[in-house]
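Summary of structural features
These are the residues of each chain, in order.
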Amino acid sequence: MVKQIILSLIVMTAVTVHAETFYLDGQNISFDAPQGFTELSGEEIALKFPSSRAPQFVVGNEKRSTTIAYDLKQDRVQLSDLPDFKNAMIQMFNRIVPGIQWKQDQIVEINGREFVHFEFVSSAVDADIYNIMLTTSYQDRMLVFNFNSTVADFEAYEEQLRQTISTISIKE
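None of the values given here were measured: they were computed from a predicted structure.

1. So, the packing of aromatic side chains
All told, the structure shown has 13 aromatic pairs when counted by the stated rule. Centroid distance Phe37 to Tyr157: 5.9 Å. Interplanar angle 65°. Geometry classified as edge-to-face. You can see Phe37 sitting in the loop between strand S2 (29-34) and strand S3 (38-39) and its partner Tyr157 sitting in helix H4 (residues 151-166), a full 120 residues away along the chain. On the basis of relative accessible area, Phe37 is assigned to the buried category, the value being 4%.

In structure tokens:
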């Protein structure tokens, strides 16, 4: 009886940590977002990412202070290009992101797929932002995930965001 109760609690906890699965390219790319994360509207995306290169899809917490942006860009990238791509991106970010504070830059494997993995702090208009950026090749196109949170909120969401990263699934 005790084992059944513990098992039920574990299952209930697992269900509540990640409330919804989001997809890209049909169901070939997926991830499980933290509980309470919902899709941002087009207007919210435009306000949060005022650029012609803004992501097409973003989910976030209720305050929108922590978000996961994801997109399949037209840029051509192959898995074999990831080391050179990583170095080029570091140089670009150093030029265009004033005061960038690098935490990590490496190539990692997530569920059998290589990703360029960046972590850095950047400054927005009203707050410093902790970014975890993952980029890989999907059908020779650039697939990007950007997990970002205000530095003030990052500690509260870090574990959930890292758990979400571990759920990224890509089928080709």
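What follows continues from the structure just given.
2. Considerations on the pattern of salt bridges
The final tally for this structure, using the stated rule, is eight salt bridges. Among the ionic pairs, Lys73 bridges to Asp71, the shortest N-O distance being 3.2 Å. The same class applies to Lys73 as to Asp71, namely buried. Across the salt bridge formed by Asp105 and Lys86, the nearest N and O atoms sit 3.3 Å from each other. With Asp105 in strand S6 (residues 101-110) and Lys86 in helix H3 (residues 82-96), this residue pair connects regions lying 19 residues apart in the sequence. Residue Asp105 is classed as partly exposed on the basis of its relative accessible area, which comes to 34%. On the basis of relative accessible area, Lys86 is assigned to the buried category, the value being 14%.

3. Quick notes on the environment of Ser166
Checked against the element boundaries, Ser166 lands in helix H4. With 57 residues separating them along the chain, Ser166 and Glu109 place their C-alpha atoms 9.9 Å apart. Of note is the side chain of Ser166, whose polar atom sits 2.6 Å from the backbone oxygen of Gln163.

Cut-offs applied
- Residues numbered from 1 in each chain as written.
- Predicted model: local features only at pLDDT ≥ 70, side-chain atom pairs only at ≥ 80, totals over all residues.
- Heavy atoms only, no water.
- Phe/Tyr/Trp six-rings, centres within 6.5 Å; stacked < 30°, edge-to-face > 60°.
- Helix = DSSP H or I, 4+ residues; strand = E, 2+ residues; numbered from the N terminus.
- Buried < 20%, exposed > 50% of the residue type's maximum accessible area, 1.4 Å probe, protein only.
- Salt bridge = Lys/Arg side-chain N within 4 Å of Asp/Glu carboxyl O.
- Polar contact = N/O pair within 3.5 Å; in protein donor to acceptor, adjacent residues only side chain to side chain.

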